[in-house]
Amino acid sequence: MAKILTWPESGEILGKLREDGNKIVFTNGCFDLIHIGHVRYLREAKSLGDVLVIGLNSDRSVSSIKPGRPVNSQDQRAEVLASLEMVDYVVLFDEETPHELIKLIQPDILVKGGDWKKEEIVGSDIAKETFSLPYVKGVSTTGIIERIKKI
């Protein structure tokens, strides 16, 4: 899928878009089970700029920070994200944090969810602006998984 980029492609494509005056917004995460909180968050992130790029944790990266996960494979998660209208590009990363990917992409705006303090957001030293967006209360992937287990 054309919206799912390799690291070299992302550097080249996003560099050209930036040169053309586009404001690049970057966020990252596991995005294991897409829910309304993700949709609202990504829509708000996109509204902050012109191009929304998601750094997606690889399967290995997810399992290192969330035991027993992911539920869905990296290829499936990437395809679902790429199908969302507000998402312009998805780039997988295998590390525990997206710091190296953020260095490559050099986003204008960096966005994370509301449980992150701005100064603790990985890559805030690289992006021109950093935002911590609010969560939808009571909606989380972990919560959804726990409810399913009870059925």
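Heads up: the structure comes first, above all this text.
In this text, all values refer to a predicted model and were calculated from it rather than measured experimentally.

About the cut-offs
Residues numbered from 1 in each chain as written. Predicted model: local features only at pLDDT ≥ 70, side-chain atom pairs only at ≥ 80, totals over all residues. Heavy atoms only, no water. Buried < 20%, exposed > 50% of the residue type's maximum accessible area, 1.4 Å probe, protein only. Helix = DSSP H or I, 4+ residues; strand = E, 2+ residues; numbered from the N terminus. Right-handed = clockwise from strand over helix to strand, strands pointing away. Pairing = 2+ DSSP bridges. Core = buried A, V, L, I, M, F, W, Y, C linked by side-chain atoms within 4.5 Å. Contact = heavy atoms within 4.5 Å. Arc of directions from axis to C-beta. Expected span 1.5 Å × (residues − 1). Salt bridge = Lys/Arg side-chain N within 4 Å of Asp/Glu carboxyl O.

Caption draft 1: Main features of the pairing of strand 3 (residues 51-57). Counting buried positions along strand 3 gives seven out of seven residues, so the element sits mostly inside the fold. Where burial is concerned, the two faces of strand 3 agree: the one with Val-51, Val-53, Gly-55 and Asn-57 and the one with Leu-52, Ile-54 and Leu-56 are both buried. You can see the chain leave strand 2 (residues 24-29), run along helix 2 (residues 36-47) and come back into strand 3, and the turn it takes is right-handed. Relative to strand 4 (residues 89-93), strand 3 is paired through five bridges, and the arrangement is parallel. Note on strand 4: the bridge partner recorded for Gly-55 is Val-91.

Caption draft 2: Structural detail: the nonpolar core. In this structure, Leu-42, Leu-81 and Val-87 are the most contacted members of the largest nonpolar core, which totals 19 residues. Contributing elements (two or more residues each) for this core: helix 2, strand 3, helix 4 (74-82) and strand 5 (109-113). When residues of this core are assigned to their parent elements, the largest contribution, four residues, is made by helix 2. Contact partners of Leu-42, with chain neighbours within four places excluded, come to Thr-27, Phe-31, Leu-52, Ile-54, Leu-81, Leu-84, Met-86 and Val-87. Grouped together as the second largest cluster of nonpolar side chains are 16 residues, Leu-5, Ile-24, Val-51 and Leu-110 included.

Caption draft 3: Highlighting helix 4. Listing the buried residues of helix 4 in full gives Arg-77, Ala-78, Leu-81 and Ala-82. Looking straight down helix 4, one finds that the buried residues subtend no more than 130° of arc, so they occupy a single side. On the buried face of helix 4, the contacting elements are strand 1 (4-5), helix 2, strand 3, helix 3 (59-65) and strand 4.

Caption draft 4: View of helix 1 (residues 7-19). A rise of 1.5 Å per residue sets the reference length of helix 1, with its 13 residues, at 18 Å; its end C-alpha atoms lie 18 Å apart and thus fit the reference within 8%. Within helix 1 the residues assigned to the buried category are Ser-10, Leu-14 and Gly-15. All buried residues of helix 1 fall inside an arc of 120° around its axis, so they share one side. Helix 1 presents Pro-8 and Glu-19 as exposed residues on the side facing more than 90 degrees away from its buried surface. Those residues of helix 1 that are buried lie in contact with strand 1, strand 2, strand 3, strand 4 and helix 5 (99-105).

Caption draft 5: Geometry of the pairing of strand 5. Across the five residues of strand 5, five count as buried, placing the element largely inside the fold. With three bridges connecting them, strand 2 and strand 5 associate as parallel partners. Bridge pairing links Thr-27 to Val-111 in strand 5. Bridging between strand 5 and strand 6 (residues 129-133) involves five bridges; their strand directions are parallel. Note that in strand 6 the partner of Lys-112 across the bridge is Ser-132.

Caption draft 6: Spotlight on the pattern of salt bridges. Tallied over the entire structure, the rule returns seven salt bridges. Between Arg-69 and Asp-32 there is a salt bridge, with the nearest N and O atoms lying 2.8 Å from each other. Linking Arg-69 in the loop between helix 3 and helix 4 with Asp-32 in the loop between strand 2 and helix 2, this pair joins segments that are 37 residues apart in sequence. Of the two residues, Arg-69 and Asp-32, neither departs from the other in class, the shared state being buried.

Nothing here speaks to function; it is all geometry.
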